Amino acid sequence: MTDADGSRQATVFFPQGTAATLTLPDGSTQSLTNLHVRATEYTVGGNGPLAMPGHLPATSGYTYAVELSVDEAITAGATRVDFSQPLPVYVDNFLNFPVGEVVPVGWYDRAKAAWIPADNGKVIKILSIDTDGLAALETDGSGLVADSAKLATLGITAAEQAQLASLYPAGKTLWRVPVTHFTPWDFK
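Residues numbered from 1 in each chain as written. Predicted model: local features only at pLDDT ≥ 70, side-chain atom pairs only at ≥ 80, totals over all residues. Heavy atoms only, no water.

*Asks:* Give a detailed account of the pattern of salt bridges, specifying residues and quantitative values.
*Replies:* When charged atoms on two side chains of opposite charge get close, those side chains can pair. Applying the stated criterion across every chain, the model contains 9 salt bridges. Ionic pairing is found between Glu-67 and Arg-110, a salt bridge with its closest N-O pair at 2.8 Å. Of this pair, Glu-67 sits in strand 7 (residues 64-70) while Arg-110 sits in the loop between strand 9 (102-109) and strand 10 (114-129), and the two are 43 residues apart along the sequence. Among the ionic pairs, Arg-80 bridges to Asp-82, the shortest N-O distance being 2.8 Å. On the basis of relative accessible area, Arg-80 is assigned to the partly exposed category, the value being 29%. Because the salt bridges share partners, they merge into one network encompassing Asp-3, Arg-8 and Glu-41. (Salt bridge = Lys/Arg side-chain N within 4 Å of Asp/Glu carboxyl O. Helix = DSSP H or I, 4+ residues; strand = E, 2+ residues; numbered from the N terminus. Buried < 20%, exposed > 50% of the residue type's maximum accessible area, 1.4 Å probe, protein only.)

*Asks:* Give a description of the side chain of Glu-160 that names residues and reports values.
*Replies:* Locating Glu-160 in the fold gives a position in helix 4 (residues 158-167). The class for Glu-160 is buried, based on a relative accessible area of 6%. Non-local contacts of Glu-160, meaning those with residues more than four positions away in its chain, are made with Phe-13, Pro-88, Tyr-90, Gly-155 and Arg-176. (Contact = heavy atoms within 4.5 Å.)

*Asks:* Quick one: what's the story with the pairing of strand 10, residue by residue and with numbers?
*Replies:* For strand 9 and strand 10, the ladder comprises 7 bridges, and the chain directions are antiparallel. When the sheet's bridge partners are listed, Tyr-108 is paired in strand 10 with Trp-115. Between strand 9 and strand 10, which pair antiparallel and follow one another directly, the connecting turn spans 4 residues, one of which, Ala-113, has a positive phi of 50°. Two elements, strand 10 and strand 12 (residues 173-182), share 4 bridges in a ladder whose sense is antiparallel. Paired with Val-123 across the strands is Trp-175, a residue of strand 12. Taken together, the 4 bridges between strand 10 and strand 11 (residues 135-138) define a ladder with antiparallel strand orientation. Counterpart to Ile-129 in the pairing with strand 11 is Ala-135. In sequence, strand 10 turns back onto strand 11 through a hairpin of 5 residues, with Gly-133 there showing a positive phi of about 80°. (Pairing = 2+ DSSP bridges.)

Encoded structure:
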């Protein structure tokens, strides 16, 4: 998406071994083996506030909101899709927030008609691509490469670093947000 706020795209990573389960209206669950994923941004242009699924809490800014969905779940009439581990969602840092800044996160519960707080994300920067093909990441605003302990705290694996290196150049800053299910999400 590109508008007066800048250019951005949501990218969802699916770590190897992730299982997806949809919940049907009667409460039963079903495993999903094939997924066709969509990311539809609400916060676009002048009509963005009207497109939101619900009013944001007073403590949340209107910055970036996206509906993450699975076509197969919509076809089945599912109420939600859950994943066996958090999926990192990356969004271009189109508002140029500082590296290391926390990205407050919430998801919209349609049944309760309310935004529910979730684990925060973080603004990260790809400092370089190392000789092993992994993205060397800055996560705290120090300008230094995050060590394995810092990356582990955020849940960033070597496989994720390799995927980042294949998609983005050195110097790129991104919002990284872990999500455990698909629904409308608000970041920042």
